[in-house]
Amino acid sequence: MNIDASAVIWSAPERERAGRALIVLLHGYGSHEGDLFQLSPGLPLGPVVASLRAPVAENGGWAWFSLADRGLGGPDGDAATEAAEALLSWLDGQEFTSVALLGFSQGAIVALQALRTRPDAFTSIVALSGFAAGGQTPGDVALEARRVPVFWGRGTLDRIIPAEAIARTETWLPEHSDLTARIYEDLGHGVSGTELTDISAFLRAH
């Protein structure tokens, strides 16, 4: 499983990326790299933004792992870790002063799993309308001490994410991160303008 480097959408040409921080966008299930890139004008201007295409073709778009034989709320750790390792392999080929991840839905699962796989690799994580995969990873113990800043945002009308996945994440995140949790009234499975403002402020702070 590999990230298609030719499909990455960048906010700046290569000549303008040196010496800057990086924000990586990870879209949701069945979507594409152009989806979250629409948020980039509302993100901090200093970092470079890179929007990645997930590696699995499925459901008319792209997925970080297949949902053909599993429910949304319970991806096994191996599936999430395989996707996270593909992301980390791509990141190993990049040179930036720091890296933050912003994932939506299935992309949020991968963002959190990448943090769990390599706890010292990221300055912050933004997980939107998503959750932490089940099980444990070797990095979980390190995260309890490191307390990486994590923004977890979701809407009161989100009917996509199962309640048991939310409950699991409500327990896991406070124990393994410096958590900023936000719940948005009347927001479904999406990102609101108010949430984007909060995300931008969080990223500037970290």
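Below is a summary of the structure that appears in this document.

Calculation criteria
Residues numbered from 1 in each chain as written. Predicted model: local features only at pLDDT ≥ 70, side-chain atom pairs only at ≥ 80, totals over all residues. Heavy atoms only, no water. Buried < 20%, exposed > 50% of the residue type's maximum accessible area, 1.4 Å probe, protein only. Helix = DSSP H or I, 4+ residues; strand = E, 2+ residues; numbered from the N terminus. Pairing = 2+ DSSP bridges. Contact = heavy atoms within 4.5 Å. Axes fitted to C-alpha atoms, helices over the stretch in contact; angles between N-to-C directions. Expected span 1.5 Å × (residues − 1).

1. What to know about the pairing of strand β2 (residues 22–26)
The two faces of a sheet get side chains in turn, since along a regular strand they alternate between them.
(1) Moving on: Counting buried residues along β2, five of its five residues qualify, which places the element largely inside the surrounding structure.
(2) Moving on: Neither face of β2 is left uncovered, since the one carrying Leu22, Val24 and Leu26 and the one carrying Ile23 and Leu25 both have all their residues buried.
(3) Moving on: Sheet topology note: the β2/strand β3 (residues 48–52) ladder contains five bridges and is parallel. Bridging from a neighbouring strand, leucine 25 pairs with serine 51 of β3.
(4) Moving on: By the bridge criterion, five bridges tie β2 to strand β6 (residues 99–104) in an arrangement that is parallel.

2. As for the sheet that holds β3
(1) Moving on: In spatial order, the strands read β1-β3-β2-β6-β7-β8-β9; together these seven strands make up an open sheet with mixed pairing. Looking at strand neighbours, the two that pair on one side only are β1 (9–10) and β9 (178–184), the edges of this open sheet.
(2) Moving on: Note: β6 against strand β7 (residues 124–128), five bridges, orientation parallel. Across the sheet, residue leucine 102 finds its bridge partner in β7, namely valine 126.
(3) Moving on: Strands in contact with helix α3 (residues 106–117) are β2, β6, β7 and β8 (149–155); relative to β6, the strand with the most contacts, it is inclined by about 145 degrees.

3. A short note on unusual backbone geometry
(1) Moving on: Notably, serine 129 is not glycine yet its phi reads approximately 50 degrees, a positive angle.
(2) Moving on: If you trace the backbone, serine 129 turns up in the loop between β7 and α4 (140–146).
(3) Moving on: Take serine 129: its relative accessible area is 1%, and that puts it in the buried class.
(4) Moving on: The phi angle at aspartate 186 is positive, at roughly 65 degrees, despite the residue not being glycine.
(5) Moving on: Mapped onto the elements, aspartate 186 comes out in the loop between β9 and α6 (193–205).

4. As for α3
Along an α-helix, a turn takes 3.6 residues, which lines up residues three or four apart on a common side.
(1) Moving on: Counted at 1.5 Å a residue, the expected span for α3 with its twelve residues is 16 Å, and the 16 Å between its end C-alpha atoms agrees.
(2) Moving on: Inspection of α3 places Gln106, Gly107, Ala108, Ile109, Val110, Ala111, Leu112, Gln113, Ala114, Leu115 and Arg116 among the buried residues, and these make up the whole buried set.

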